[in-house]
Amino acid sequence: MQGWTLGLIEAICATIVVGFSVDYVVHYAIAYVNAPQPTREGKVTHAMIEVGISVMAGAITTMGASAFLLLTTVQFFFKFGIFMLSTVAFSIFTANVAFTALLAVLGPTGDTGNLYVYGARAGRAMGLIKAKSHPGEDKVAASATSKPVSEP
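Residues numbered from 1 in each chain as written. Predicted model: local features only at pLDDT ≥ 70, side-chain atom pairs only at ≥ 80, totals over all residues. Heavy atoms only, no water.

Points about the packing of aromatic side chains
For step 1, the next point in the chain: Applying the stated rule across the entire model yields two aromatic pairs.
For step 2, the next point in the chain: With a centroid separation of 5.6 Å and an interplanar angle of 70°, the aromatic rings of Phe76 and Phe77 are classed as edge-to-face.
For step 3, the next point in the chain: The exposure class assigned to Phe76 is partly exposed, which follows from its relative accessible area of 26%.
For step 4, the next point in the chain: The class of Phe77 is partly exposed, set by a relative accessible area of 38%.
For step 5, the next point in the chain: A ring pair is formed by Phe76 and Phe80, whose centres lie 5.9 Å apart and whose planes are at 10°; its orientation type is stacked. (Phe/Tyr/Trp six-rings, centres within 6.5 Å; stacked < 30°, edge-to-face > 60°. Buried < 20%, exposed > 50% of the residue type's maximum accessible area, 1.4 Å probe, protein only.)

See the structure below:
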């Protein structure tokens, strides 16, 4: 990129940029998982409506601030502006187009990917947790060391 070598400035930029590269995808993923809709399309729509405006606003303000850094004569700020601008632009495109499309086709539904459910199933299989007595009990798994709370 413009004949740059990996130096201190680039190393600092690379470590900071890592968070920006996944930030928008994480926001959409959390909104998708917490969506009350049962279908993938409903969950994606919910995620886009709930956090889409905030994600876009964050991206626009970050890119705007990065654009001002391109006007500086200090090498660190100029390079940092290029790193930020390119990372946020690529990240917002990936989050809004590629990631949401993948969620609509392959996103988890029901208990798929729910670590609490998997943990409860594994605990039951190993005999650490009693077998569930009613259908809703798999949502709350008691650990083997927990003691029952006695009622007065």
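Concerning helix 3 (residues 75–106)
An α-helix turns once every 3.6 residues. As a result, residues three or four positions apart point the same way.
For step 1, the next point in the chain: When the terminal C-alpha atoms of helix 3 are compared, their 43 Å separation across 32 residues agrees well with the 46 Å that a helix rising 1.5 Å per residue should span.
For step 2, the next point in the chain: Approximately 35° is the largest bend angle found in helix 3, and it occurs at Thr94. (Helix = DSSP H or I, 4+ residues; strand = E, 2+ residues; numbered from the N terminus. Expected span 1.5 Å × (residues − 1). Bend = angle between axes of the 7 residues up to and from the residue.)

With respect to the nonpolar core
Note that soluble globular proteins tend to have their nonpolar side chains buried in a common cluster.
For step 1, the next point in the chain: In this structure, Tyr24, Tyr28 and Val55 are the most contacted members of the largest nonpolar core, which totals 14 residues.
For step 2, the next point in the chain: Put simply, the parts of the chain that give this core at least two residues each are helix 1 (8–33), helix 2 (40–69) and helix 3.
For step 3, the next point in the chain: Leave out the neighbours within four places in its chain, and Tyr24 touches Val55, Gly58, Ala59, Thr62, Val88, Ser91, Ile92 and Ala95.
For step 4, the next point in the chain: With five residues, the next largest nonpolar core counts Cys13, Val17, Phe80 and Phe83 among its residues. (Core = buried A, V, L, I, M, F, W, Y, C linked by side-chain atoms within 4.5 Å. Contact = heavy atoms within 4.5 Å.)

Here's the deal with the side chain of Lys43
For step 1, the next point in the chain: Inspection of the secondary structure assignment puts Lys43 in helix 2.
For step 2, the next point in the chain: Of note is the side chain of Lys43, whose polar atom sits 3.4 Å from the backbone oxygen of Gln37.
For step 3, the next point in the chain: Once residues within four sequence positions are removed from consideration, Lys43 is found in contact with Tyr32, Val33, Ala35, Gln37, Pro38 and Pro108. (Polar contact = N/O pair within 3.5 Å; in protein donor to acceptor, adjacent residues only side chain to side chain.)

Here's the deal with a nonpolar patch on the surface
For step 1, the next point in the chain: On the surface, Leu8, Ile12 and Ile16 cluster together into a nonpolar patch covering about 270 Å² of accessible area.
For step 2, the next point in the chain: By the secondary structure assignment, Leu8 is in helix 1. (Patch = residues over 30% accessible without salt bridge, like charges linked within 9 Å, V, L, I, M, F, W, Y side chains within 5 Å. Areas by Shrake-Rupley, 256 points an atom, 1.4 Å probe, with all protein chains shown as cover. Salt bridge = Lys/Arg side-chain N within 4 Å of Asp/Glu carboxyl O.)

With respect to the packing of helix 1 against helix 3
For step 1, the next point in the chain: The contact between helix 1 and helix 3 brings their axes to 9 Å, and the two run at 25°. It follows that helix 1 is roughly parallel to helix 3 by the angle criterion. Note that helix 1 runs across helix 3; the crossing there is right-handed.
For step 2, the next point in the chain: Across the contact of helix 1 with helix 3, the residue classes break down as 20 nonpolar, five polar and two charged. (Axes fitted to C-alpha atoms, helices over the stretch in contact; angles between N-to-C directions. Parallel < 35°, antiparallel > 145°, perpendicular 65-115°, else oblique. Left-handed = near helix turned anticlockwise from the far one by under 90°. Nonpolar A, V, L, I, M, F, W, Y, C, P; charged D, E, K, R; others polar.)

Details of the environment of Tyr28
For step 1, the next point in the chain: Relative to the helices and strands, Tyr28 is located in helix 1.
For step 2, the next point in the chain: The class for Tyr28 is buried, based on a relative accessible area of 1%.
For step 3, the next point in the chain: Counting along the chain gives 21 residues from Tyr28 to Ile49, while the straight-line C-alpha distance between them is 9.9 Å.
For step 4, the next point in the chain: With sequence-adjacent residues up to four places away left out, Tyr28 is seen in contact with Ala47, Met48, Val51, Gly52, Val55, Ala95, Asn96 and Phe99.

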